[in-house]
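# Chain and residue survey
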Amino acid sequence: MSHIVIVGAGECGARAAFALREKRFEGGITLIGAEPHLPYERPPLSKDGLAGAEPPKYIAGPERYEEARITVLTGVPVEAIDRRQRAVRLADGRAIHYGRLLLATGARPRALPGAPENSGRIRMLRTHADALAIRRALAPGRKLVIIGGGFIGLELAATARKLGAEVVLIEGLPRVLSRGVPEEIADVVAERHRQEGVEIVCGVRIAAVEADDDGARVLFADGTGRLADLIVVGIGAIPNTGLAEAAGILVENGIAVDERLRTSDPDIYAAGDCCSFPLSLYQGRRVRLEAWRNAQDQGTLAAANLMGANEPVASVPWFWSDQYELTLQIAGLADGAVTTVRRDLTDGAFILFHLDGEGRLIAASGIGPGNAVARDIRLAEMLIAAGSRPDPAALSSPESKLKKLLAA
Amino acid sequence: MSSNWVEVCAADDIDEEDVIRFDHDGRTFAVYRSPDDEYFATDGLCTHEHIHLADGLVMDDIIECPKHNGRFNYKTGQAKGAPVCVNLRTYPVKVEAGSVFIAIS
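Being a predicted model, the structure only gives us computed values, none of them experimental.

Right, let's talk about the overall build of chain A for a bit. A tally of regular secondary structure across chain A gives 11 helices and 26 strands. When its C-alpha atoms are laid out on the principal axes, chain A stretches across 65 × 55 × 35 Å. Counting the 408 residues in chain A, one finds 54% classified as buried. Of the contacts made within chain A by residues no fewer than 6 positions apart, 60% connect residues no fewer than 24 positions apart. Just so you have it, chain A exposes about 16800 Å², and 50% of that area is on carbon and sulfur atoms. Charge centroids of chain A, computed over 48 positive and 51 negative side chains, lie 3 Å from each other.

All names here are of chain A. Contact geometry for helix α1 (residues 11-22) and helix α8 (residues 292-306): axes closest at 7 Å, N-to-C directions at 40°. In the crossing of α1 with α8, the sense of the turn from one axis to the other is right-handed. Together, E11, C12, R15, A16, A19 and L20 of α1 and W292, A295, Q296, Q298, G299, T300, A303 and L306 of α8 make up the contact between the two elements. Per-class residue counts for the contact of α1 with α8 are 8 nonpolar, 4 polar and 2 charged.

What follows covers the sheet that holds strand β14 (residues 215-220) of chain A. Residues and elements named next belong to chain A. Taken together, 3 strands build an open sheet; the order of strands is β13-β14-β15 and the sheet is antiparallel. Either end of the sheet is taken by a strand with one partner, and the two such strands are β13 (206-212) and β15 (225-228). Between one strand axis and the next, the sheet turns by 10° as a mean value, whatever way the strands run. Strand direction decides the pairing type here: β13 and β14, joined by 6 bridges, are antiparallel. Looking at the pairing, A211 lines up with A216 of β14.

In this section: unusual backbone geometry. Outside of glycine, negative phi angles account for most residues, and trans bonds account for most peptide bonds. The phi angle at Q283 of chain A is positive, at roughly 55°, despite the residue not being glycine. In this structure, Q283 of chain A sits in the loop between β20 (275-279) and β21 (285-287). The phi dihedral of D60 of chain B falls on the positive side, at around 50°, and the residue is not glycine. Residue position: D60 of chain B is located in the loop between β5 (57-59) and β6 (62-64).

Next up on the list: the domain arrangement of chain A. Residue and element names in this part refer to chain A. Split by domain assignment, chain A resolves into domain 1 (3-108 + 237-306), domain 2 (111-233) and domain 3 (325-407). Each of domain 2 and domain 3 was reduced to a C-alpha centroid, and the two centroids are 31 Å apart. Contacts between the two partners involve 10 residues from domain 2 and, on the opposite side, 11 residues from domain 3. Of all residues in domain 2, the largest losses of buried area upon contact with domain 3 belong to E184, I185 and R192, amounting jointly to 54% of the total for that side. The interface formed by domain 2 and domain 3 holds 2 salt bridges in total. Note that E325 and R192 form a salt bridge whose closest N and O atoms lie 3.0 Å from each other.

Turning next to the UniProt feature "domain: Rieske" (unreviewed entry) in chain B. UniProt feature "domain: Rieske" (unreviewed entry): in the numbering of this structure it lies at residues 6-102 of chain B. This span, residues 6-102 of chain B, is 0% helix and 44% strand, and a straight line between its end C-alpha atoms measures 5 Å.

With that settled, consider helix α9 (residues 374-385) of chain A. All names here are of chain A. Between its terminal C-alpha atoms α9 stretches 17 Å, which fits the 16 Å expected from 12 residues at 1.5 Å a residue. Of all 12 residues in α9, 9 are buried, a share of seventy percent or more. For α9, the set of buried residues is A374, D376, I377, R378, L379, A380, E381, L383 and I384.

On to the pairing of strand β16 (residues 230-233) of chain A, then. Consecutive residues of a regular strand have side chains that alternate between opposite faces of the sheet. Residues and elements named next belong to chain A. Where burial is concerned, the two faces of β16 agree: the one with L230 and V232 and the one with I231 and V233 are both buried. Two elements, strand β9 (residues 122-124) and β16, share 3 bridges in a ladder whose sense is parallel. Within β16, the residue paired with R123 across the bridge is V232. The sheet contact formed by strand β10 (residues 143-147) and β16 spans 4 bridges and is parallel. Across the sheet, I146 pairs through a bridge with V232, a residue of β16.

Cut-off values and rules
- Per-chain numbering applies: the sequence of each chain, read as written, is numbered from 1 onward.
- Going through the entries in the order they are written, you letter the chains from A and number the ligands from 1.
- In keeping with the model being predicted, local features are shown solely for residues with a pLDDT of at least 70 and side-chain atom pairs are shown and tallied solely at 80 or more, while totals for entire chains, interfaces and linings include all residues.
- Computation of side-chain values: all heavy atoms of the structure, hydrogens and water removed.
- Each helix is a run of DSSP H or I of at least 4 residues and each strand a run of E of at least 2, with the numbering of both proceeding from the N terminus.
- Exposure categories follow from relative accessible area, calculated using a 1.4 Å probe and restricted to protein chains: below 20% of the type maximum is buried, above 50% is exposed, and the middle band is partly exposed.
- By definition, residues are in contact when any of their heavy atoms lie within 4.5 Å.
- Accessibility throughout is a Shrake-Rupley quantity obtained with a 1.4 Å probe, and a residue counts as covered only by protein chains that appear here.
- By the counting scheme adopted, Arg and Lys are positive, Glu and Asp are negative, and His together with the chain ends is not counted.
- The atom standing in for a charge is NZ when the residue is Lys, CZ when it is Arg, CG when it is Asp and CD when it is Glu.
- Each axis is a line fitted through C-alpha atoms, taken for helices only over the stretch in contact, and angles between the N-to-C directions span 0 to 180 degrees.
- For any helix crossing, the convention is left-handed if the near helix is rotated counterclockwise from the far helix by under a right angle, and right-handed if that rotation is clockwise.
- Following the grouping adopted for this structure description, the nonpolar residues are Ala, Val, Leu, Ile, Met, Phe, Trp, Tyr, Cys and Pro, the charged ones are Asp, Glu, Lys and Arg, and the polar ones are all others, Gly among them.
- Between any two strands, pairing holds if DSSP finds at least two bridges.
- Domain segmentation is taken from an automatic or database assignment of domains.
- As used here, buried area is the combined drop in accessible area, with a 1.4 Å probe, of two parts when they are placed together.
- One side-chain nitrogen of Lys or Arg within 4 Å of one carboxyl oxygen of Asp or Glu is enough to make a salt bridge.
- UniProt positions are given in the numbering used here, feature names are shortened, and annotations may be inferred rather than shown by experiment.
- Expected span, for any helix, means 1.5 Å times one less than how many residues it has.

Okay, here's the thing in structure tokens:
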């Protein structure tokens, strides 16, 4: 195995590249990214990073790639995978041969049907360039309309308020964060935004989104609407599967991989936002996770398996979001829960533990100021991984230490 | 190099296999009690982002950052892999008459 090529220079691809060297891979490593920058951290783009803007927060400086003998090609999209020649073809005409290939192509934001994509006044947020463009349009008194009440939309709302913009957030469903976040926690988040003066409009159907030189408008089906200087659409992401599909690799809501992150081609692996994989911890259910930690964990795992380790995915899904002083953390997947137990911590922080019909802990969701919930969520994650059935009374009582449950 | 011993807390104020935050003179530290009942001290903030390590979880001789799970060996300060790559500074600790002291240089 002389040469490993990684397509996609985001968190996952970069992590995989370094992990190969940490695991003493001696062959060549080429990391290829379409963006002009070295790999950078995306989570800050909707948070403080948006406010800070230039330059992006690099995952590693150029000297670390040099030391690790990782060839990084930036600003060059990959156009095709030639499986017969075992090579990727780049937009500039070069072909790069691989012994094994990792696809870490990520995801792109879902466009609002019928809305002009990335016009000056209608934007989406995924890249550093997107964040810069949004940052430039935000100033005290500017009107920002955000379409989509998920993590990206809500984090952007909080950041935009810090920058003094007036913010309206529009969600088509009856509440914000309906995907994967319990209502009790979503309510805390929504209330916090309202305190900061964000107008949250839920349960409306958007009839049209328009923009011209003078401004932008969102029109609702009931005839009302909102005016904006800038509209940002944050309604989810679509996995970048085009290269894999064109090469005849199996795709199933993402590049389909097995528990070892191997695609339908045994020499090609996929990891991070772009892939769907079976989670044995949840009865082999096929999921796709758009999350920073998943990108890291799978980058590391893919590196091991590219070198023949043959290890399965073992990590528990984990997400976090920062809005104002609040941090929300979720471990596990809560759907399928039949019982929820609440544990109240100090300063208004609380955690919800989600148990299935057999009393097994399958998820924990928490919110609070700073890192108030972090330690207990981390312990919950370990309890979930261990398949434990903790005593609900112990979970609900803040005096009983979760670490003791883990040892039990 | 002159060291300055500063009293942190009573030895019993830190649980076994746990950590507390200690602020002194504009600086912040994390002070640990290991599962084998020894005491250690490091800088209080993760070297990846400015996050207080004392909100994190202690497991054996590892402290894990509460934000991004960066791990350090709190006995040596050694960074244990992504996303952290810069080691933590450590400080000498002593326990005298039931109190914990750290040497701040």
